Amino acid sequence: MPSIMIATMPVHGHVTPLLAVARHFAGRGDRVRFLTGSRFAEVVTATGAEHLPLPAEADFDDRQDWNQTFPERAALSGTRAIAHDLEHVFVRPGRTQHDAVMAAHAAEPADALLADPAFVGGAFLLGHPLGVRPPIVMCGICPLMIASRDTAPFGTGLTPLRGPLGRLRNTALALLTAKVLFPAVERTADRMFHRLHGRPIPFAVLDWPRHADAIVQFTVPEFEYPRSDAPATLHFAGPISASGSRAPLPPWWPELDGSRPVVHLTQGTIGNSDYGQLIAPALDGLADEDVLIAVATGGRPLDSLPPLPANARAAEFLPYDELLPKTDVYVTNGGYGGVQYALRYGVPIVATGRQEDKPEVIARVAWTGVGRRIRTRTPAPPAIRRAVRAVLDDHRYRDAARRIAGRMAGTRGVRKLAEIVDALVAERTASE
């Protein structure tokens with residue numbers, strides 16, 4: 001029975017996708033330990049895995065405002081705020097993450113470590129040879145982060161530009177990012193790596209997934225930028241879960257009868273504290289349209305919503321496997337998992353967002369032709385109305401979404417991940 005360790009940042013959007021992974025491995029009889037934040041203990045245990053809490057230095061509550069967690073951040077903006085987050089949220093906890101994994105591995109050897117790409121402890125673990133550390137599988141729960149001559153640096157939200165001019169642009173932006181905008185991030189990582197291993201870090205710290213023993217991206221190649229220099233260790237598994245919310249059907253459910261287009265509107269379950277970012281302007285912009293707006297608050301009370309127009313209905317949660325087949329447009333603040341879920345059902349998308357990985361998600365929505373992006377965190381009502389109207393009126397968006405849905409239907413999801421993990425374990429066992 002293999003011993004599997006899963007390690008993630010203590011962030012809802014990073015933990016939730018890997019709960020399905022933990023459930024699958026535990027369900028087939030594997031020993032599964034899940035290293036993440038203390039607040040996730042109950043949901044981890046419910047999968048059949050053992051919860052291992054991150055040490056306090058690497059644990060935080062992602063439901064809090066970042067400026068409360070990191071008070072010095074409040075005075076920063078723009079690239080200085082981004083640099084702060086890269087250093088303090090991702091890189092600095094990496095040594096503690098490394099130590100926690102190695103301690104758990106020493107107490108009970110793991111046959112494989114499955115980590116999310118923001119778990120920068122993976123970069124420091126890669127300084128050890130196999131045998132001292134377990135094989136590392138990077139689980140792609142956000143857009144593919146690995147650097148490439150064919151793509152702009154991750155986080156810029158720039159779509160590919162072909163040919164020599166595109167590669168020149170990408171090289172220049174990569175140098176600007178590393179040498180001008182975020183040099184302190186790399187210096188911090190290099191010092192930490194050197195103290196641990198006695199040598200400089202051999203790669204850009206945020207590009208560590210390229211050097212993992214395997215990369216398993218939870219989408220299809222059609223939703224990702226082509227990279228001529230992609231490592232042979234890169235695999236596409238497709239979406240890993242279609243379980244969705246098991247929420248009860250709301251009393252207004254019979255209104256989803258096909259008599260008018262359905263627009264599903266959501267800000268997810270974490271980035272939903274300020275409805276002014278998307279839900280309020282979308283309700284305003286679509287109030288006079290001949291559509292039915294189905295709003296999900298992501299668990300917040302319904303009375304926290306702004307006044308609903310006559311064509312809007314709301315619930316705290318909605319059952320996606322029943323809702324999405326009835327949905328004509330999915331309007332989102334750019335969460336990767338929700339976008340993948342909508343595409344499973346061939347639903348075209350209107351996406352907005354300027355924080356975390358959202359610029360990269362919405363850029364791929366535009367690049368693949370599955371929807372429209374609005375490049376702001378707080379779009380104006382007319383902009384949302386125009387984007388939704390364009391998606392409803394132009395069949396090419398739905399055609400593109402359905403093509404990706406067709407590709408996703410042929411993927412194996414978590415079973416593909418398990419095959420890759422099993423192959424790594426078998427290879428390692430054979431070499432011993």
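Residues take numbers from 1 onward in each chain, read along the sequence in its written order. With pLDDT at 70 or above as the cut-off, local features in this predicted model cover only qualifying residues; side-chain atom pairs require 80 or more to be listed or tallied, and sums for whole chains, interfaces and linings still use all residues. Heavy atoms throughout the structure, all of them, feed into the side-chain values; hydrogens and water do not.

Draft legend 1. Examining the overall build of the protein more closely. Helix numbers and strand numbers start at the N terminus; a helix is a DSSP run of H or I with at least 4 residues, a strand a run of E with at least 2. A tally of regular secondary structure across the protein gives 15 helices and 13 strands. Only protein chains enter the area calculation, which uses a 1.4 Å probe; residues under 20% of their type maximum are buried, those over 50% are exposed, and those in between are partly exposed. Split into buried and exposed, the 432 residues of the protein put 53% on the buried side. In what follows, a contact means two residues having at least one pair of non-hydrogen atoms within 4.5 Å. If you take every contact in the protein between residues at least 6 apart in sequence, the share linking residues at least 24 apart comes to 65%. Accessible surface area values rest on a Shrake-Rupley calculation with a 1.4 Å probe, where residue burial reflects the displayed protein chains alone. Surface exposure of the protein reaches about 18,200 Å², of which carbon and sulfur atoms provide 54%. The positive charge centre, built from 47 side chains, and the negative charge centre, built from 45, are 5 Å apart in the protein. By the counting scheme adopted, Arg and Lys are positive, Glu and Asp are negative, and His together with the chain ends is not counted. By convention, charge coordinates are those of NZ in Lys, CZ in Arg, CG in Asp, or CD in Glu.

Draft legend 2. Structural context of the side chain of Thr-36. In this structure, Thr-36 sits in strand β2 (residues 31-36). For this analysis, a polar contact is any N or O atom pair within 3.5 Å, provided that within protein one partner can donate a hydrogen and the other can accept it, and provided that sequence-adjacent residues contribute only side-chain to side-chain pairs. Within the structure, the side chain of Thr-36 is placed 3.4 Å from the backbone oxygen of Met-9, a separation counted as a polar contact. When neighbours within four sequence positions are excluded, Thr-36 is seen to be in contact with Thr-8, Met-9, Pro-10, Val-15, Val-44, His-51, Leu-52, Pro-53 and Leu-54.

Draft legend 3. How the structure looks around the packing of helix α11 (residues 336-344) against helix α14 (residues 395-409). The angle between two axes is taken between their N-to-C directions and runs from 0 to 180 degrees, where each axis is a line fitted to C-alpha atoms and a helix contributes only its stretch in contact. At a closest axis distance of 7 Å, the pairing of α11 and α14 adopts a crossing angle of 90°. Here α14 runs roughly perpendicular to α11, going by the angle between their axes. On α14, the residues that touch Gln-340, Leu-343 and Arg-344 of α11 are Ala-401, Ile-404, Ala-405 and Met-408. Here the residues of the contact of α11 with α14 are counted per class, giving five nonpolar, one polar and one charged. An angle below 35 degrees is read as roughly parallel, one above 145 as roughly antiparallel, one from 65 to 115 as roughly perpendicular, and any other as oblique. Classification convention: Asp, Glu, Lys, Arg as charged; Ala, Val, Leu, Ile, Met, Phe, Trp, Tyr, Cys, Pro as nonpolar; all other residues, Gly among them, as polar.

Draft legend 4. Fine view of the sheet that holds strand β10 (residues 312-315). When DSSP finds two or more bridges between two strands, those strands count as paired. On the basis of which strands lie adjacent, the open sheet formed by six strands has the order β10-β9-β8-β11-β12-β13 and parallel pairing. Among the strands making up the open sheet, the edge pair consists of β10 and β13 (371-374). Strand-to-strand, the axes of this sheet are offset by a mean angle of 15°, without reference to chain direction. Both strand β8 (residues 262-266) and strand β11 (residues 329-332) contribute to a ladder of four bridges, which runs parallel. In the sheet register, Thr-266 faces β11, and the bridge partner there is Thr-332. The strands touched by helix α12 (residues 358-368) within the sheet are β12 (349-352) and β13, with β13 carrying the most contacts at an inclination of about 140°.

Draft legend 5. Summary view of the sheet that holds β2. Pairing is parallel across the open sheet formed by seven strands, whose spatial order is β3-β2-β1-β4-β5-β6-β7. Both edges of this open sheet fall to β3 (50-53) and β7 (234-236), since each of them pairs with a single strand only. Going across the sheet, the axis of each strand differs from the next one's by a mean of 25°, ignoring polarity. The strands touched by helix α1 (residues 12-27) are β1 (3-7), β2, β4 (112-115) and β5 (136-140); relative to β2, the strand with the most contacts, the crossing angle is about 165°. In the packing of helix α5 (residues 94-107) onto the sheet, contacts are made with β1, β2, β3 and β4, and the angle to β2 comes to roughly 155°.

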